[in-house]
Amino acid sequence: MTREEIMNILPHRNSMLLLDEVEKVGDEAHGKYTVKGTEFFLDGHFPSFPIVPGVILCEILAQSACVLLDGTISSDKLPVYAGLDKVRFRSPVRPGDTFETKCRITRSKGPFYFGEGEGYVDGNLAISASFSFCITDKESVCSQKS
C-alpha cells in the first residue's frame with residue numbers, strides 16, 4: 001500500500017502520516033518509514049545528534065496496526081490511542097534510517113483494539129510495545145466501562 005492508499009484508511013495527513021508504505025502479511029501489518037531528517041520532531045531532539053522521539057516510534061507502530069482495520073475506520077471515525085504497555089526502546093532511530101514495523105491486533109472488545117508490535121532498523125530491534133486504541137466518532141470521546 002502506498003502513502004495515498006494509506007490515506008484512504010487513516011485520517012492522518014501531512015507531517016503526522018508516518019508511513020511511506022505498508023502491507024498486510026497474514027495477520028500482521030508490515031510498515032516502512034524512512035526518516036528524512038527534516039521532520040518537525042527532530043528539530044531540537046537533539047540539535048547535534050537527532051534521534052526520533054520514542055513517542056513518534058509508538059505512533060508509527062499504531063498507524064501500522066490500524067491498517068489491519070481497513071473497512072472499520074470510516075471518514076466519520078478516528079483511531080485514538082487508549083494505552084501503551086511494555087514499551088521497550090532498544091536502539092535509536094536516526095535520519096537516514098528506514099524504520100520497519102511488524103504489528104498485530106491481538107484482540108478486540110467493542111470499539112477497543114489491542115495490539116503489539118516491533119520496530120526494526122536494518123533488522124535490529126529498535127522498539128517493542130503492546131498498545132490499545134479506540135475507534136471513535138469524531139464528535140465523541142471513547143470511554144471504557146469497567
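Residues numbered from 1 in each chain as written. Predicted model: local features only at pLDDT ≥ 70, side-chain atom pairs only at ≥ 80, totals over all residues. Heavy atoms only, no water.

The protein is annotated in an unreviewed UniProt entry as Beta-hydroxyacyl-ACP dehydratase from Candidatus Ornithospirochaeta stercoripullorum.

Caption draft 1: Looking closely at the environment of proline 92. Take proline 92: it is sitting in the loop between strand S3 (77-89) and strand S4 (98-109). Residues proline 92 and proline 50 lie 42 residues apart in sequence; the distance between their C-alpha atoms is 9.4 Å. With residues near it in sequence (within four places) discarded, proline 92 still touches Ile51 and Asp97. (Helix = DSSP H or I, 4+ residues; strand = E, 2+ residues; numbered from the N terminus. Contact = heavy atoms within 4.5 Å.)

Caption draft 2: Focus on the sheet that holds strand S2 (residues 28-34). One open sheet holds the 6 strands; their spatial order is S1-S2-S4-S5-S6-S3, and the pairing between them is antiparallel. Each end of this open sheet is capped by a strand with a single partner; those strands are strand S1 (21-25) and S3. Sheet twist, expressed as the mean angle between neighbouring strand axes with direction ignored, is 25°. Where S2 and S4 come together, 7 bridges link them in antiparallel fashion. Opposite tyrosine 33, over in S4, you have phenylalanine 99 as the bridge partner. (Pairing = 2+ DSSP bridges. Axes fitted to C-alpha atoms, helices over the stretch in contact; angles between N-to-C directions.)

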